[in-house]
Amino acid sequence: MRRSPAPSVSSSLLPAFGTVRTVMGEGSVKLKRFVIAPYDRRYRKWQTFLVVLVAYSGWSSPFELAFKKVASEGLLPLDLVVDAFFAIDILLTFFVSYLDKYTCLLVDDHKKIAFRYVTHLGFPMDVASTIPFQTIYRIFNGKKQGDDVFGFLNLLRLWRLRRVSKFFSRLEKDIRFSYFWTRFCKLICVTLFAVHSVGCLYYWLATHYHTAENTWIGSNVTNFQERSISLGYTYSMYWSVATLTTVGYGDLRAHNTGEKVFSIFYMLFNIGLTAYLIGNMTNLIVHGIARTFAVRDAINKTLRYASKNRLPEGIKEQMSAHLTLKFKTAELQQEEVIRDLPKAIRCSIAQYLFHTTLENTYLFKGVSEDFIVQLVSEIKAEYFPPKVDIVIQNEIPTDFYIIVSGAVEVVTYKNGMEQFLSKLESPELFGEVGVIFNTPQPFTVRSKRLSQVVRISHHHFKQLVQPLNADGKIILSNFLQNLKGMEKEELQEIPLISQLLSDVNSEVSTMSRGQNHEGQSQDGNRITTTTLPTRVIIHGHHPHDKPNEGGIAGKLIHLPESVEDLLIIAEKRFRKRGSTIVMADGFPMEDLGALRENDHLYIV
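Conventions adopted
Residues numbered from 1 in each chain as written. Predicted model: local features only at pLDDT ≥ 70, side-chain atom pairs only at ≥ 80, totals over all residues. Heavy atoms only, no water. UniProt positions renumbered as here; feature names shortened; annotations may be inferred. Helix = DSSP H or I, 4+ residues; strand = E, 2+ residues; numbered from the N terminus. Buried < 20%, exposed > 50% of the residue type's maximum accessible area, 1.4 Å probe, protein only. Contact = heavy atoms within 4.5 Å. Areas by Shrake-Rupley, 256 points an atom, 1.4 Å probe, with all protein chains shown as cover. Polar contact = N/O pair within 3.5 Å; in protein donor to acceptor, adjacent residues only side chain to side chain. Pairing = 2+ DSSP bridges. 1 Å grid on protein atoms, 1.4 Å probe; cavity = no way out; pocket = protein on both sides within 12 Å on 5 of 7 lines; lining within 4 Å. Points joined across faces, edges and corners; volume = space filled by probe spheres on them. Nonpolar A, V, L, I, M, F, W, Y, C, P; charged D, E, K, R; others polar. Axes fitted to C-alpha atoms, helices over the stretch in contact; angles between N-to-C directions. Parallel < 35°, antiparallel > 145°, perpendicular 65-115°, else oblique. Left-handed = near helix turned anticlockwise from the far one by under 90°.

Looking at an unreviewed UniProt entry, the chain carries the name Potassium channel, with the source organism given as Nicotiana tabacum. Its UniProt record gives the chain the following Sequence similarities (unreviewed entry) comment, quoted word for word: "Belongs to the potassium channel family. Plant (TC 1.A.1.4) subfamily." Here is the UniProt Function (unreviewed entry) comment for the chain, exactly as written: "Potassium channel."

Encoded structure:
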């Protein structure tokens, strides 16, 4: 049984980070009639269309100030159309809900929306930048006087540029677009706007100086005011770019005091603009190569360490391959990617990625869905490059692994010689023998090619199994069946495997005989709560006595259900009959149920 998909948070509650999503659809929050959600797809398209009109306003406002003919004739109809679109947007704003910063919910009350917009600075500025002052003046007076005043009033349209800033901010968060190219385009737009605006203002200064020949353009172009607009615009752009880039050819320079003062402020402005452009471009470049430098430095440090300690070439190659793989799969590492997510989301991701793999693993076949769900939440994913030892023979067992993709080979070492035993692929697991028997790992497991595995902690595994009696029996049965089906060569490499198998079989049958259908022990009326029996170490002597040299050392066994069964197992192990069981401190054992994992018992 699969978990049903978790309900997604509607983007009408909060703006989606990274992508622009629609909110007018299934599962969205319903708003009042005639109220528009700010993240509605259609409203987003309208806002994007207005950005194009803003770009026109940013170009036309300084241009019309410098070249009055264009403002009064050529561009006037187009300006009226653009102003009409922004007038429509003002009306739409009275119906656009907003996000309350305290409750993070959309406010769809018409009165609150209107009051918030009217009392905000944006409303008077939107109205002022939309009113066609020049057209209204002509309608009432029928004259073209005061063109300079209207030129400066048209500069109020530059207020609309804030939409462009918001537009680029949204694109920078949208993962569908390259952050580098988005930022790069923004810098280009800022530069072009600065060059265009300052060039137009400088040309306006020249046209309003009382002596045309004593201006920067008048000294080079006779009667420049009577010449074509394209000529004047080209000269102004040439001067602006030459000054901005600090080239300064000297052919176009300030000729009067007003132009010199303006040039001083422009050059000071260029210092800040140049620093802004260089700083942003440097950050973009460094951001793109930072990870590359990081991995190169890590590999170089590793190789220097290996050279100074004269490590073999094989180990050096493994170290280098591990760092390279870590760099390439950084975005795939489970812990790195989902570390900051809530636990519920992390569990859902793990269920989607690894649920099927765990179900198909032999150890967990037939267990309950609840056990699988809990176990998946505790696993950790790892990548291993080819020819890397994942489990080392004779190491202390702490985890076992399930192969998600790739392949590994199981090898053992005899008299210093490596012997191949078997090959494992998904969804097989390895390392479970040492974990379940609590003995040193009997094999070395090495990745054969690039492999992804999930690691299961012995501690978490035991905590999950203990309260689930039925699942524990199934897991133990699956494990024993797999041991019986192992190849003869592998069984020979596991110390005392035959004896352990016989002990486990006898202990399982003893527990089965000692339990009735209600799960209670017939001997002590104690409810069995452990599935995998507790492992203890028994000794055939008193704790205060030292064992004879060459004598039998302590033996690891599964704790049976009764003292009589424990004495029988001890008699088989030490070939002598004992009658008393004492603890390591010399006091008699009082209750089998109080024993813990790896406790030492002494049979005397």
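On we go from here.
The next point concerns the overall build of the chain. Across its full length, the chain carries 21 helices and 14 strands. Looking at the chain as a whole, 41% of its 604 residues qualify as buried. Long-range pairs, those at least 24 residues apart, make up 67% of the contacts in the chain with a sequence separation of at least 6. Carbon together with sulfur atoms contributes 59% to the accessible area of the chain, which is approximately 34700 Å² in total.

Okay, the UniProt feature "transmembrane region" (unreviewed entry) in the chain next. Mapped onto the present numbering, the UniProt feature "transmembrane region" (unreviewed entry) falls on residues 49–67, 74–97, 184–205, 233–252 and 264–286. Secondary structure over residues 49–67 splits into 95% helix and 0% strand, and the C-alpha atoms at its two ends are 27 Å apart. As a span, residues 74–97 carries 79% helix and 0% strand, and end to end its C-alpha atoms are 38 Å apart.

Among the secondary structure elements, His-539 is positioned in strand β11 (residues 535–539). The buried category is assigned to His-539, whose relative accessible area is 12%. Within the structure, the side chain of His-539 is placed 2.8 Å from the side chain of His-600, a separation counted as a polar contact. Sequence-distant contacts of His-539, defined by excluding residues within four places in its chain, comprise Gly-554, Phe-574, His-600, Leu-601, Tyr-602 and Ile-603.

Burial within strand β5 (residues 399–405) is extensive, with six of its seven residues counted as buried. Relative to strand β8 (residues 429–430), β5 runs antiparallel, the two sharing two bridges. If you follow Tyr-401 over to β8, its bridge partner there is Phe-430.

Evaluated as defined, the whole model comprises seven cavities of 30 Å³ or more. Estimates place the volume of the second largest cavity at around 70 Å³. What lines the second largest cavity is a set of twelve residues, among which Leu-76, Gln-134, Thr-135, Asn-154 and Arg-157 lie closest to the centre. Of all the secondary-structure elements, those providing two or more residues to the lining of the second largest cavity are α3 (76–93) and α6 (133–141). Ranked by residues supplied to the lining of the second largest cavity, first place goes to α3 with four residues. When grouped by side-chain class, the residues that make up the lining of the second largest cavity number five nonpolar, three polar and four charged.

Our next topic: the sheet that holds strand β12 (residues 555–558). Overall, mixed pairing links the four strands, which are arranged β12-β11-β14-β13 in an open sheet. Because the sheet does not close on itself, it has two edges, and the strands there are β12 and β13 (581–582). Along the sheet, helix α21 (residues 563–574) contacts β11, β12, β13 and β14 (600–603); its crossing angle with β12, the most-contacted strand, is approximately 145 degrees.

This part is about the packing of helix α15 (residues 369–376) against helix α17 (residues 458–465). One way to put it is that α15 packs onto α17 with a least axis distance of 11 Å and a crossing angle of 155 degrees. Relative to α17, the element α15 lies roughly antiparallel. The element α15 and its partner α17 pack so that their crossing is right-handed. Contacts between α15 and α17 involve Phe-371, Gln-374 and Leu-375 from the former and Phe-461, Leu-464 and Val-465 from the latter. Looking at the contact of α15 with α17, its residues break down into five nonpolar, one polar and no charged.

This part is about the packing of helix α1 (residues 41–66) against helix α9 (residues 179–207). Where α1 meets α9, the axes come as close as 8 Å, and the angle between the chain directions of the two elements is 15 degrees. Taken together, the axes of α1 and α9 lie roughly parallel to each other. Remark: the crossing between α1 and α9 carries left-handed chirality. Between α1 and α9, the contacting residues are Gly-58, Trp-59, Pro-62, Phe-63, Leu-65 and Ala-66 on the first element and Phe-193, His-196, Ser-197, Cys-200, Leu-201, Tyr-203 and Trp-204 on the second. In terms of residue class, the contact of α1 with α9 is built from ten nonpolar, three polar and no charged.

Moving on, we get to unusual backbone geometry. Here the amide bond leading from Ser-426 into Pro-427 is cis, since omega sits at 5 degrees, within 30 degrees of zero. Its location among the elements puts Pro-427 in the loop between β7 (417–425) and β8. Backbone geometry at Phe-34 places phi at a positive 65 degrees, although glycine is not the residue there. Mapped onto the fold, Phe-34 is located in the segment before α1. One non-glycine residue, Asn-394, lies in the positive phi region at around 75 degrees. Tracing the chain through its elements places Asn-394 in the loop between β4 (389–391) and β5.

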